[in-house]
Amino acid sequence: MRAIQSIIFSPLFVLFFLFLFSKAISSPSYSDTKKITDSLLVEFQKTKIPDKQIQLLSELAFLTQPHNINLCLKYTEQMLEIIDQSETLKHTGVYYTNAAIIFLQCDIYDKALEFFLKALNIMEKEKNAVNILSIKNNIGGVYFRLNKPESALTYFMEALHKTEELIRQGDSCQYQNLHAFYNNIGLCYDRLEQPDKAIQYIEQAIALCDTLNYEYLGQYYNNIALYYHDKGEKNKAHDCIRKSIGYNRKIDNEMGLGKNYLKLAQLFYNDNDTKESRKYTEKTIAIAKEIHSKSLLQHAYRLYINLCEMEHDYQEANVYLKKLFDLKDELFNDTIASKITALKLQYDFDKRTTETLIKNQNKELRYQLILVIILSLLGGITLLYFLTNSRNKRIRLEKQSLEKDLEFKNKELTSNVMFLLRNSDLIHSIISRLHHLKSDLKGQQATEIKNIVIELQSVMKNDLWDEFKIHFNQVYLDFYKKLQEYCPDLSPADLKLCAFLRLNMSSKEIAALCGVTVKSIEVMRSRLRKKLNITNTDVNLNTFLSEF
């Protein structure tokens, strides 16, 4: 039987983590833990900084783990919630590593592995070589506890090679960690039933370990002793055990001493030295009872029963066989209780994690819904903008087209008015000449001349106005309608005058078209102002009419 103790080495990342980890290892008493916990909780309530809150919760989890696993996992859950809700954390990879180590100490291996892998992913993105090798080593430790030596060996080897690479690059601080990697690799080869390689790596671990590092040296010498015995190097095996005993005594490591004595008892048993084997077995039983180690006691009972049978002391063998059965029942019950507790803790944690996940998913769904509504509104506003812009552009183009048409018709109307004015001047000239000619004639000729003058005057008054009216209505469609709605009392002569004024014609030009004097036109303008109710005001008549 081999009593080999694995070492899961966890290098420290930052001072905060160093403080937390050392607290967890030292395991203060319950009363001391209570005081420290209360102090940390007060500090937690005061701070609103996510990084500080996570650090405090991590320390609380490490402190409470030896005494209250439920409370430890509660703090861990709170820590993970803050990590998930914060986007500006400084050391997310370190925080995940802390959570993973907490789960590892609580024997929740799947969660430990999950968060070690998350931390590894972050550290690889950050290219933090020291943290990467530390996490890989811890992942190997999880696989080793899960009895998966092949997977464990892969991660241990990667961590070792990376450490050696850092040392070659000048990072001498990593040299002090090498011994633990070599020991872990040796233990994996032991599980894989390759004893020669196991001895090779554990010997390297011993060679690299500082001579003052009593705890590790005690474990390493105890690990390798049985390999030497199996190879027939008995003196070397016993020498390793004595060295291990010496180191364990220096640090008062009772558990280590119990394993040393059990290893010696086994070696003597294999050599058929029942006297020495019984002596060290009894020492192992005494220490196991003193430190309440049922596992160590179970191994000692088995060896003691074998010794009794070898010496044909069957009565003593039966006594210890009964003790072994009773102890097995206790261990079985403890194991079942431990597994039930672990499963319950796992269930409670998973339940809280699921509830948190659902809560976050609902929150995220609300955010997505709000985002969809906002995007829909933005889309609607954008569409409305483009439609409005398109409509305004179309209206603007139509307006420009109308303005061009209006400008063209205005030019055409002006040309027509000028033509009418010239015709009017011509007719007036003809009438004037006919009047002059009539004074020189008498009788029938004078009468004919008079009739021609009357006919020309009639044509000038009617035909010219009708032609003007047609062109004017084409340009100013609703002018007369709006004007008559505003002032129904306007006469046809008033409407004619309004049309001329709308074209900004002067009184002289209007008089020429109408065949009247300028004074008559001025009188008509004055009457028109009165009808339009703008007498005694500064309103310009032409400007007023341009509004219609």
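Structure first, text after, so check above.
Residues numbered from 1 in each chain as written. Predicted model: local features only at pLDDT ≥ 70, side-chain atom pairs only at ≥ 80, totals over all residues. Heavy atoms only, no water.

**Q** Would you mind going over the overall build of the chain with me for this structure?
**A** For the chain, the helix and strand inventory stands at 22 helices and zero strands. Looking at the chain residue by residue over its 548 residues, the buried ones come to 41%. Once local pairs closer than 6 in sequence are excluded, the contacts in the chain between residues at least 24 apart make up 60%. For the chain, the exposed area adds up to about 31,200 Å²; of that, 54% sits on carbon and sulfur atoms. (Helix = DSSP H or I, 4+ residues; strand = E, 2+ residues; numbered from the N terminus. Buried < 20%, exposed > 50% of the residue type's maximum accessible area, 1.4 Å probe, protein only. Contact = heavy atoms within 4.5 Å. Areas by Shrake-Rupley, 256 points an atom, 1.4 Å probe, with all protein chains shown as cover.)

**Q** Teacher, can you tell me more about a nonpolar patch on the surface here?
**A** A cluster of nonpolar side chains, contributed by Y367, L369, I370, L371, I373, I374, L375, L377, L378 and I381, occupies part of the molecular surface with about 1,000 Å² of accessible area. With respect to the helices, strands and loops of the structure, L371 is situated in helix α16 (residues 314-438). (Patch = residues over 30% accessible without salt bridge, like charges linked within 9 Å, V, L, I, M, F, W, Y side chains within 5 Å. Salt bridge = Lys/Arg side-chain N within 4 Å of Asp/Glu carboxyl O.)

**Q** Help me understand unusual backbone geometry, please; the structure alone is not making it clear to me.
**A** Trans peptide bonds make up most of the peptide bonds, and negative phi angles are found at most residues other than glycine. Although it is not a glycine, N272 sits at a positive phi angle of roughly 65 degrees. As for its position among the elements, N272 is in the loop between α13 (254-270) and α14 (274-291). In this structure N272 comes out as exposed when scored by relative accessible area, which is 57%. Even without glycine at this site, H312 takes up a positive phi of about 60 degrees. Inspection of the secondary structure assignment puts H312 in the loop between α15 (294-310) and α16. Given a relative accessible area of 58%, H312 falls into the exposed group.

**Q** Whenever I open this one, the side chain of D51 confuses me. Can you help?
**A** With respect to the helices and strands, the residue D51 is situated in helix α3 (residues 50-64). Look past the residues within four positions of D51 in its chain and what remains in contact with it is T88, L89, K90, H91 and Y95.

**Q** How do you make sense of the pattern of salt bridges when you look at a structure like this?
**A** Proximity of charged atoms lets side chains of opposite charge pair with each other. Going through the model one piece at a time under the given rule, you end up with 13 salt bridges. In this structure, the salt-bridge partner of R278 is E311, at a minimum N-O distance of 2.2 Å. Of this pair, R278 sits in helix α14 while E311 sits in the loop between α15 and α16, and the two are 33 residues apart along the sequence. As a salt-bridge pair, K322 and D326 come within 3.3 Å of each other at their nearest N and O atoms. Taken as a pair, K322 and D326 lie in helix α16 at a separation of four residues, close to a single helical turn. Look at the salt bridges and you will find they share partners, linking K111, E114 and K118 into a network.

**Q** For this particular structure, what's the right way to read the nonpolar core?
**A** Nonpolar side chains in soluble globular proteins tend to be buried together. One finds I83, F103, F116, I139, I185 and I224 to be the most contacted residues of the largest nonpolar core, which totals 103 residues. Those residues in contact with I83 that lie beyond four places of it in its chain are I54, L89, T92, Y95 and Y96. (Core = buried A, V, L, I, M, F, W, Y, C linked by side-chain atoms within 4.5 Å.)

**Q** What's the story with the packing of aromatic side chains in this structure? I'm lost.
**A** Aromatic rings considered in pairs are described by the distance between their centres and by the relative angle of their planes. Under the defined criterion, the tally for this structure stands at 16 aromatic pairs. Taking 5.7 Å as the distance between ring centres and 20 degrees as the angle between the ring planes, the aromatic pair formed by F103 and F115 counts as stacked. Here the residue F103 occupies a position in helix α5 (residues 92-105), and F115 occupies one in helix α6 (residues 109-126), the gap between them amounting to twelve residues. Taken together, a centroid distance of 6.0 Å and an interplanar angle of 20 degrees make the contact between Y216 and Y220 stacked. In this pair, Y216 and Y220 are both assigned in helix α11 (residues 214-230), four residues apart and thus about one turn of the helix distant. The ring of F144 has R191 sitting right over it, with the charged end atom 4.0 Å from the ring centre. (Phe/Tyr/Trp six-rings, centres within 6.5 Å; stacked < 30°, edge-to-face > 60°. Lys NZ or Arg CZ within 6 Å of the ring centre and 35° of its normal.)

**Q** I'm lost on the side chain of S244 in this one. Help?
**A** With respect to the helices and strands, the residue S244 is situated in helix α12 (residues 234-250). Excluding its chain neighbours within four sequence positions, the residues that come into contact with S244 are G218, Y221, N222 and N260.

**Q** Help me out: how do you make sense of the state of the cysteines in this one?
**A** Each disulfide consists of a covalent bond between the sulfur atoms of two cysteine residues. Evaluation of the coordinates by the stated rule reveals zero disulfides. In this model C487 remains outside any disulfide bridge; the closest cysteine sulfur is found in C498, 8.5 Å from its own. Under the relative-accessibility criterion, C487 is labelled buried at 6%. (Disulfide = S-S within 2.5 Å.)

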